[in-house]
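# Secondary and tertiary structure notes
Letter by letter, the chains look like this.
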Amino acid sequence: MKIKVELFGVCRELSDKDHIDLELDENSKIKDVRDQMIEIVKTKFPENNNYLEMVKKSAFSSKDEIVEDAYKLRNNDAVSIIPPIGGG
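Throughout what follows, the structure given in this document is the object of discussion. (Residues numbered from 1 in each chain as written. Predicted model: local features only at pLDDT ≥ 70, side-chain atom pairs only at ≥ 80, totals over all residues. Heavy atoms only, no water.)

### A look at the side chain of Ser62
Rules: For the purposes of this entry, the term helix denotes a DSSP run of H or I that reaches at least four residues, the term strand denotes a run of E that reaches at least two, and both are numbered from the N terminus. Note on definitions: a residue-residue contact is assigned when non-hydrogen atoms from the two residues lie within 4.5 Å.
Within the fold, Ser62 resides in strand β3 (residues 59-62). Those residues in contact with Ser62 that lie beyond four places of it in its chain are Val67, Tyr71, Ala78 and Val79.

Dropping the structure here:
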């Protein structure tokens, strides 16, 4: 299934667009989005542990609501990754 991840703050540096399109398995959850985002960071910025920690600590939202890693996604959902403010 297709998921659009909208990028905010420093997360915009992960793509040349304001979002990243992901292809995930059916029944995927936010945890799967986070895992894919971690893999993107490891590939694009292998030496940058700050970006890796940022993705690990970022919140995700769907429809203006913060969602947990167990939140189940549907095909063509759009979610946002919101990095921690002030690094924490």
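There is more to say after this.
### Some points on the nonpolar core
Cut-off, in case you're wondering: Think of a nonpolar core as a cluster: buried Ala, Val, Leu, Ile, Met, Phe, Trp, Tyr and Cys residues, connected wherever their side-chain atoms sit within 4.5 Å. Partly exposed residues are those whose accessible area sits between 20% and 50% of the maximum for their type, while under 20% is buried and over 50% is exposed, using a 1.4 Å probe and protein chains only.
Ranked by size, the top nonpolar core spans 24 residues in total, and within it Val5, Leu14, Val33 and Met37 carry the most contacts. Only β1 (2-7), β2 (19-23), α1 (30-44), α2 (49-57) and β5 (77-82) provide two or more residues apiece to this core. Tallying contributions element by element places α1 first for this core, with six residues. Ignoring sequence-local partners within four residues, the contact set of Val5 consists of Asp18, His19, Ile20, Leu22, Val33, Met37, Val79 and Ile81.

### With respect to the pattern of salt bridges
Condition: In the sections that follow, a salt bridge refers to a side-chain nitrogen of Lys or Arg positioned within 4 Å of a carboxyl oxygen of Asp or Glu.
For the structure on display, the rule yields four salt bridges. Residue Arg34 pairs with Asp69 through a salt bridge whose shortest N-O separation is 2.8 Å. Within this pair, whereas Arg34 is found in helix α1, its partner Asp69 is found in the loop between β4 (65-67) and β5, the two being separated by 35 residues in sequence. Classification of Arg34 as buried rests on a relative accessible area of 11%.

### Thoughts on the environment of Leu24
If you trace the backbone, Leu24 turns up in the loop between β2 and α1. Residue Leu24 is classed as buried on the basis of its relative accessible area, which comes to 6%. Spatially, the C-alpha atoms of Leu24 and Lys56 are 18 Å apart, while their sequence positions differ by 32 residues. Ignoring sequence-local partners within four residues, the contact set of Leu24 consists of Met1, Ile3, Asp32, Val33, Gln36 and Leu73.

### Looking at α2
What counts here: This arc is built from the directions going out from the helix axis to the C-beta atoms. Distance and chemistry together define a polar contact, namely a pair of N or O atoms within 3.5 Å, with one atom able to donate a hydrogen and the other to accept it when in protein, and with adjacent residues in sequence counting only for side-chain atoms on both sides.
Of the positions making up α2, those classed as buried are Tyr51, Leu52, Met54 and Val55. Projection of α2 onto a plane perpendicular to its axis shows the buried side chains occupying an angular sector of 160 degrees, all on one side. Facing away from the buried side of α2 by more than 90 degrees, the exposed set consists of Asn49, Asn50 and Lys57. The N-capping residue of α2, defined by a side-chain oxygen 3.0 Å from the backbone nitrogen of Asn50, is Asn48.

### Concerning the environment of Arg12
Following the sequence through the fold, Arg12 ends up in the loop between β1 and β2. For the pair Arg12 and Lys63, spaced 51 residues apart in sequence, the C-alpha separation works out to 19 Å. Setting aside anything within four residues of it in sequence, one finds Arg12 in contact with Leu7, Lys17 and Asp18.

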